[in-house]
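Single-letter residue listing:
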Amino acid sequence: MTILSNEIALLSEFLESLGPEVSGHSAQPINDEMKERIRQFASGKLGLAERQEILPQILENETAFRALVKALQGQA
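Quick summary incoming for the structure in this document. (Residues numbered from 1 in each chain as written. Predicted model: local features only at pLDDT ≥ 70, side-chain atom pairs only at ≥ 80, totals over all residues. Heavy atoms only, no water.)

**Section: the nonpolar core**
Judged by nonpolar contacts, Ile30, Met34, Ile38, Phe41, Ala42, Leu46, Ile54, Ile58, Ala64, Leu68 and Ala71 together constitute the single largest core of eleven residues. Secondary structure elements with two or more residues in this core: helix H2 (32-43), helix H3 (48-60) and helix H4 (62-75). (Core = buried A, V, L, I, M, F, W, Y, C linked by side-chain atoms within 4.5 Å. Buried < 20%, exposed > 50% of the residue type's maximum accessible area, 1.4 Å probe, protein only. Helix = DSSP H or I, 4+ residues; strand = E, 2+ residues; numbered from the N terminus.)

This is how it looks when you write it as structure tokens:
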């Protein structure tokens, strides 16, 4: 399993543990720069430090999380 796959698995497990409250998180709009960073995150193009920096931002914002899911689905 690659590092990114492992991080996505951990993210998935974490979100499952939150249950229905995930939708209660902030749903702030994200700018184009954040969208691009999310696409890079999903494609494995960010370094470890960058992934560690962006992951909390994704987890705290439902809009960012949905962008990540969309980016991952586009790769499938």
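Additional details are given in the paragraphs that follow.
**Notes on H3**
Taking 1.5 Å as the rise per residue, H3 with 13 residues should run 18 Å; its terminal C-alpha atoms sit 19 Å apart, in good agreement. Those residues of H3 that fall on the buried side of the exposure criterion are Arg51, Ile54 and Ile58. (Expected span 1.5 Å × (residues − 1).)

**Regarding the pattern of salt bridges**
A side chain of one charge can pair with a side chain of the opposite charge when the charged atoms of the two come close. Applying the stated rule across the entire model yields four salt bridges. One salt bridge connects Arg39 with Glu36, and the closest N-O pair in it is separated by 3.1 Å. Here Glu36 and Arg39 lie together in helix H2, a separation of three residues that amounts to about one turn. Its salt-bridge partner being Arg37, residue Glu53 comes within 3.7 Å of it at the nearest N-O pair. Of this pair, Glu53 sits in helix H3 while Arg37 sits in helix H2, and the two are 16 residues apart along the sequence. (Salt bridge = Lys/Arg side-chain N within 4 Å of Asp/Glu carboxyl O.)

**Observations regarding the packing of H2 against H3**
In contact at an axis separation of 11 Å, H2 and H3 are set at 120° when each is read in the N-to-C sense. Crossing hand, H2 versus H3: left-handed. The segment H2 lies against H3, with Met34, Arg37, Ile38 and Phe41 engaging Glu50, Arg51, Glu53, Ile54, Leu55, Gln57 and Ile58. Here the residues of the contact of H2 with H3 are counted per class, giving six nonpolar, one polar and four charged. (Axes fitted to C-alpha atoms, helices over the stretch in contact; angles between N-to-C directions. Left-handed = near helix turned anticlockwise from the far one by under 90°. Contact = heavy atoms within 4.5 Å. Nonpolar A, V, L, I, M, F, W, Y, C, P; charged D, E, K, R; others polar.)

**Topic: H2**
Between the first and last C-alpha of H2 there are 17 Å, a value that for twelve residues agrees with the 16 Å anticipated at 1.5 Å per step. For H2, every residue scored as buried is listed here: Met34, Arg37, Ile38, Phe41 and Ala42. Each buried residue of H2 lies within a common arc of 140° when the element is viewed along its axis, so the set occupies one face. Set apart from the buried face of H2 by more than 90 degrees, the exposed residues are Asp32 and Glu33. Sitting at the amino-terminal end of H2 is Asn31, which places a side-chain oxygen 3.2 Å from the backbone nitrogen of Glu33. Positive phi appears at Gly44, one or two residues downstream of H2, with a value of about 80°. (Arc of directions from axis to C-beta. Polar contact = N/O pair within 3.5 Å; in protein donor to acceptor, adjacent residues only side chain to side chain.)

**Concerning the environment of Ala64**
You can see Ala64 is positioned in helix H4. Its relative accessible area of 0% is what places Ala64 among the buried residues. In this structure the C-alpha to C-alpha distance between Ala64 and Pro29, which are 35 residues apart in sequence, comes to 7.9 Å. Excluding anything up to four places from it in sequence, Ala64 contacts Ile30, Met34, Ile38, Gln57 and Ile58.

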